[in-house]
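Chain by chain, the residues run as shown.
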Amino acid sequence: MAEAPVLTIDGPSGSGKGTVAAKVAQVLGWHILDSGALYRLVGLAAQKAGMDLSDSAAIAEMARTLPVKFVDRKVFLDGEDVSLAIRTETAGNNASKVAAIPEVRAALLGWQRDYARPPGLVADGRDMGTVVFPHAGVKIFLDASADERARRRYKQLKDKGIDVKLSGLIAEIEERDHRDRNRSVAPLLPAEDAQVIDSTRLDVDTVVDRVLQAVYEAYPETGCKSSI
Ligand code: DC
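A.B. asks: Looking at this model, I keep getting lost on the environment of Ser-15. Mind explaining?
C.D. replies: For Ser-15, the position within the fold is in the loop between β1 (6-10) and α1 (17-28). Look at Ser-15 and you get buried, because its relative accessible area is 1%. The spacing of Ser-15 and Thr-130 is 115 residues in sequence and 18 Å in space, taken between C-alpha atoms. In this structure Ser-15 touches Leu-142, Asp-143, Arg-149, Arg-152 and Ser-199, once residues within four positions along its chain are discounted. Within polar-contact distance, the side chain of Ser-15 engages the backbone oxygen of Leu-142 at 3.3 Å.

A.B. asks: For this particular structure, what's the right way to read the pattern of salt bridges?
C.D. replies: Side chains that differ in charge, positive against negative, can pair when their charged atoms come close. Evaluated as defined, the whole model comprises 18 salt bridges. Between Arg-105 and Asp-127 there is a salt bridge whose closest N-O contact spans 2.9 Å. Note that Arg-105 is positioned in helix α5 (residues 102-113) and Asp-127 in the loop between β6 (121-125) and α6 (128-132), a separation of 22 residues in sequence. For Asp-127, a relative accessible area of 3% corresponds to the buried category. Ionic contacts of the salt-bridge type, sharing partners, join the residues Glu-89, Arg-153 and Arg-176 into one network.

A.B. asks: Is there a simple way to think about the nonpolar core in this case?
C.D. replies: Soluble globular proteins tend to pack their nonpolar side chains together in the buried interior. If you look at the biggest cluster of nonpolar residues, it comprises 33 residues, and the most contacted ones within it are Leu-41, Val-42, Ile-59, Leu-66, Leu-77, Val-104 and Phe-133. Mapped by element, the contributors of at least two residues to this core are α2 (35-48), α3 (56-64), β4 (74-77), α4 (89-98), α5, β6 and α6. It is α2 that contributes the most residues to this core, eight residues altogether. When near neighbours in sequence (up to four residues on either side) are disregarded, Leu-77 contacts Leu-41, Leu-44, Ala-45, Lys-48, Leu-66, Pro-67, Val-68 and Val-82.

A.B. asks: Would you mind showing me how to read the packing of aromatic side chains here?
C.D. replies: A complete count under the given rule lists one aromatic pair for this structure. Residues Trp-30 and Tyr-219 carry aromatic rings whose centres are separated by 6.0 Å and whose planes lie at 75° to one another, so their mutual orientation is edge-to-face. Residue Trp-30 is found in the loop between α1 and β2 (31-34), and its partner Tyr-219 is found in the segment after α9 (204-218); the two are separated by 189 residues along the sequence. Residue Trp-30 is classed as buried on the basis of its relative accessible area, which comes to 8%.

A.B. asks: I tried to follow the site of the ligand on my own but got confused; where do I start?
C.D. replies: The environment of the ligand is formed by 17 residues, the closest being Arg-40, Arg-105, Arg-176, Asp-180 and Arg-183. Separating a nitrogen atom of the ligand from a side-chain N or O atom of Asp-127 is a distance of 2.9 Å. The separation between an oxygen atom of the ligand and a polar side-chain atom of Asp-180 is 2.8 Å. Considered on its own, the ligand offers 450 Å² of accessible surface; in the complex 97% of this is hidden by protein. Those elements giving two or more residues to the shell around the ligand turn out to be α2, α4 and α8 (166-182). Considering every element that reaches the shell around the ligand, the biggest residue donor is α2, with four residues. Looking at the shell around the ligand, its residues break down into four nonpolar, four polar and nine charged.

A.B. asks: What should I look at first to understand the sheet that holds β4 in this one?
C.D. replies: Remark on secondary structure: sheet strands pair via backbone hydrogen bonds, oriented parallel or antiparallel. Read from one edge to the other, the open sheet built from three strands follows the order β3-β4-β5, with strand pairing classed as antiparallel. The open sheet has two edge strands, β3 (68-71) and β5 (80-81), and neither has a second partner. As paired strands, β3 and β4 are joined by four bridges and run antiparallel to one another. Among the inter-strand pairings, Val-68 is bridged to a residue of β4, identified as Leu-77. Together, β3, β4 and β5 form the strand contacts of α2, whose direction differs from that of β4 by roughly 35°.

Each value, and the rule that gives it
Residues numbered from 1 in each chain as written. Predicted model: local features only at pLDDT ≥ 70, side-chain atom pairs only at ≥ 80, totals over all residues. Heavy atoms only, no water. Helix = DSSP H or I, 4+ residues; strand = E, 2+ residues; numbered from the N terminus. Buried < 20%, exposed > 50% of the residue type's maximum accessible area, 1.4 Å probe, protein only. Contact = heavy atoms within 4.5 Å. Polar contact = N/O pair within 3.5 Å; in protein donor to acceptor, adjacent residues only side chain to side chain. Salt bridge = Lys/Arg side-chain N within 4 Å of Asp/Glu carboxyl O. Core = buried A, V, L, I, M, F, W, Y, C linked by side-chain atoms within 4.5 Å. Phe/Tyr/Trp six-rings, centres within 6.5 Å; stacked < 30°, edge-to-face > 60°. Near = heavy atom within 4 Å. Areas by Shrake-Rupley, 256 points an atom, 1.4 Å probe, with all protein chains shown as cover. Nonpolar A, V, L, I, M, F, W, Y, C, P; charged D, E, K, R; others polar. Pairing = 2+ DSSP bridges. Axes fitted to C-alpha atoms, helices over the stretch in contact; angles between N-to-C directions.

Pasting the structure below:
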């Protein structure tokens, strides 16, 4: 079978990756991989099991056999709907901690690569272009200032009915970024061949448009639209 086209979108939390990835995938009719959700699930499962987040071997073993099901737009862990529970800032922080464990990353590698199927895949994360899909045809690194990212996250969480304080969010985002950027394995950084887009002053549609242009250039068979 011919390899499926892959678009990777990496970047720090709150850079707008998730929103852009969902819109681009919708326009292209491609599959989507929200790799952060997998790390969030591992973090949540570890927390629920009362595991020590530094117990690398035990957490990696659990990651290999995680009882997860994605149904429509919901995610179930061992039969329980955890769609909202994995989106809290605590879950994000726990995800970032378990994501620093090399064995956990290795356990999730094959699972993530399985998402690359025709007609194509939009993969959203931190190491999609550097580690998981190094041969992707299009690689985007989406960035934005920490303040702007915290503001976006704040709005996103409020819209979901999750109560947070903006000041706490900025501190948490900076702490999480620091951990994600400085870990020894698969740190958050743009792939050498990634196009870096700073979205601080761009609206979502402008970013989506730029990403689609890059996809149409790399994979002309996907269409020749000039805007969304
Ligand atoms: O994208 P997100 O906020 O849902 O990701 C949650 C955490 O998971 C993030 O802080 C770092 C980690 N992560 C990762 O290490 N590698 C990925 N490909 C995706 C997420």
